[in-house]
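Structural features, examined
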Amino acid sequence: MNQALRPAAASAPATSANLGPAFDCMAVALEIRCTVKASPADEWRIEHTGRYQPGPDDGDGVLAAAKRAVGEVPLALQVDADIPIGKGLGSSAAAAVAGITAAIRVLGEEPSPDHVYRVALELEGHGDNVAAAVFGGLALVPAEGMPLRLPIHPALQVVLAVPQRNLPTQMARGVIDASHPQDRVLRSLARVAALTSGLITGDPTLLRAAHGDEIHEQPRDGMSPEVSMLIDVGNGAGALHSARSGAGPSVIAFCTSETRQRVVSAFVAAGVEALTPSLASTGLI
């Protein structure tokens, strides 16, 4: 064992991607975290101590990320995850970001956020959740270049509706068409513009105009019909905008302080768990 190595830790937040029409290009960070502690060892080993742990057939994202980051250097990893798995809340992105960073810190180095983003992107395959987990706040992944952090209106708060069932991301991606008619694309572009402007300004009219995605939400309705029901429940209770969180089946509802508790009560009455995390202004720590 290399005596120059030292114990280290890292933490990354949960994320909600897509937010309706912004498929694979926007996500927001949520203050629910995955924390990874890493220390030098004679062989690779990992222990999960948090509320949420991967199943025997899920693979281990933290272990894979740490190995990708430091190669042959064996580490002992301890994972404390408060992020529900398989719910569309970016658990795999947070695991990758925290695992990469903790492993590199064991070497006595401090990786740049850009480096962590690039390595995690290789593992995840798409950058929306990764960007929010690394940089925090509201993250936009442009067609070219590194992610951009956008301002989000301070009056906006979130409620998460989390059903009991899981929905694997790869399964959810399998129902999305490879191409779309022009009129559908134009409507989607208009919704993305409304969503982006609404999140920045907090304008209720713009946020309501972002509703009704046809690219990824509508095709997935048959896989998790409770999602469209929960979106209607959230909006009916006063949310400014409700959407499938990532691949689902969770739903994210953007509210104000005046409507947040009504939305929570409506989700609970609909039979699902309602979480009220704050927006995470800081990503990787």
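Check the entry above for the structure.
All of the points below concern the structure found in this document. As the structure is a computational prediction, the values presented were derived from the model and not from experiment.

Notes on the packing of helix α2 (residues 91-106) against helix α3 (residues 113-124)
α3 packs onto α2 with a crossing angle of 130° between their chain directions and a minimal axis gap of 9 Å. Between α2 and α3, the crossing angle belongs to the class labelled oblique. Both α2 and α3 take part in a crossing whose hand is right-handed. Taken together, the residues of α3 that come into contact with α2 (itself represented by S92, A93, A96, V97, I100, T101 and I104) are H115, V116, V119, A120, L123 and E124. Tallied by class, the residues present in the contact of α2 with α3 amount to 9 nonpolar, 3 polar and 1 charged.

Thoughts on a nonpolar patch on the surface
On the surface, V185, L186 and L189 cluster together to form a nonpolar patch covering roughly 260 Å² of accessible area. Along the chain, V185 falls in helix α6 (residues 182-201).

A word on the environment of L156
Note that L156 resides in the loop between β6 (148-150) and β7 (157-162). Filtering out sequence-adjacent residues up to four positions away, L156 remains in contact with G198, L199, L207, L240, C255 and L279.

Some thoughts on the nonpolar core
Generally speaking, nonpolar side chains in soluble globular proteins are found buried as a group. Ranked by internal contacts, the top residues of the largest apolar core, which has 67 residues, are L19, V97 and L199. When residues in this core are grouped by element, the largest group, 11 residues, is from α2. Aside from chain neighbours lying at most four places away, what touches L199 is L19, M26, L138, P151, I152, H153, L156, L207 and F254. In terms of nonpolar packing, the next biggest core, distinct from the first, is built from 15 residues, V227, I231, A237 and V263 among them.

Thoughts on the pairing of strand β1 (residues 8-18)
Among the 11 residues that make up β1, 10 are buried, leaving the element largely enclosed by the rest of the structure. Pairing geometry for β1 and strand β2 (residues 22-40), over 11 bridges, is antiparallel. Across the sheet, residue S16 finds its bridge partner in β2, namely V28. The loop that links β1 with its antiparallel partner β2 comprises 3 residues; one of these, L19, has a positive phi angle of about 55°.

Some words on the pattern of salt bridges
Under the counting rule described, the total for this entry stands at 8 salt bridges. Put simply, R187 and E214 hold a salt bridge, and the shortest N to O gap is 2.7 Å. Residue R187 is found in helix α6, and its partner E214 is found in the loop between α7 (204-208) and α8 (225-236); the two are separated by 27 residues along the sequence. With relative accessibility at 34%, the residue R187 sits in the partly exposed group. With relative accessibility at 13%, the residue E214 sits in the buried group.

Topic: the sheet that holds β7
Taken in spatial order, the 4 strands line up as β8-β9-β7-β10 in an open sheet, and their pairing is antiparallel. Only two strands of the sheet have a single neighbouring strand rather than two, namely β8 (241-244) and β10 (273-275). The sheet shows a mean angle of 20° between the axes of neighbouring strands, taken without regard to direction. Alignment of β7 against strand β9 (residues 251-255), held across 5 bridges, turns out to be antiparallel. Each bridged residue has a counterpart across the sheet, and for A161 the counterpart in β9 is V251. Those strands touched by α8 are β7, β8 and β9, and its axis lies near 165° from that of β8. Relative to β7, helix α9 (residues 260-269) is tilted by about 0°, and along the sheet it contacts β7, β9 and β10.

So, the pairing of strand β4 (residues 75-81)
Of all 7 residues in β4, 5 are buried, a share of seventy percent or more. Across 7 bridges, β2 lies against β4 in antiparallel orientation. Directly across from V36, in β4, lies its bridge partner V79. As paired strands, strand β3 (residues 45-48) and β4 are joined by 4 bridges and run parallel to one another. Across the sheet, the residue bridging to E47 is Q78, located in β4. Considered for its hand, the β-α-β crossover made up of β3, helix α1 (residues 61-70) and β4 is left-handed.

Conventions and cut-offs
Residues numbered from 1 in each chain as written. Predicted model: local features only at pLDDT ≥ 70, side-chain atom pairs only at ≥ 80, totals over all residues. Heavy atoms only, no water. Axes fitted to C-alpha atoms, helices over the stretch in contact; angles between N-to-C directions. Helix = DSSP H or I, 4+ residues; strand = E, 2+ residues; numbered from the N terminus. Parallel < 35°, antiparallel > 145°, perpendicular 65-115°, else oblique. Left-handed = near helix turned anticlockwise from the far one by under 90°. Contact = heavy atoms within 4.5 Å. Nonpolar A, V, L, I, M, F, W, Y, C, P; charged D, E, K, R; others polar. Patch = residues over 30% accessible without salt bridge, like charges linked within 9 Å, V, L, I, M, F, W, Y side chains within 5 Å. Areas by Shrake-Rupley, 256 points an atom, 1.4 Å probe, with all protein chains shown as cover. Salt bridge = Lys/Arg side-chain N within 4 Å of Asp/Glu carboxyl O. Core = buried A, V, L, I, M, F, W, Y, C linked by side-chain atoms within 4.5 Å. Buried < 20%, exposed > 50% of the residue type's maximum accessible area, 1.4 Å probe, protein only. Pairing = 2+ DSSP bridges. Right-handed = clockwise from strand over helix to strand, strands pointing away.

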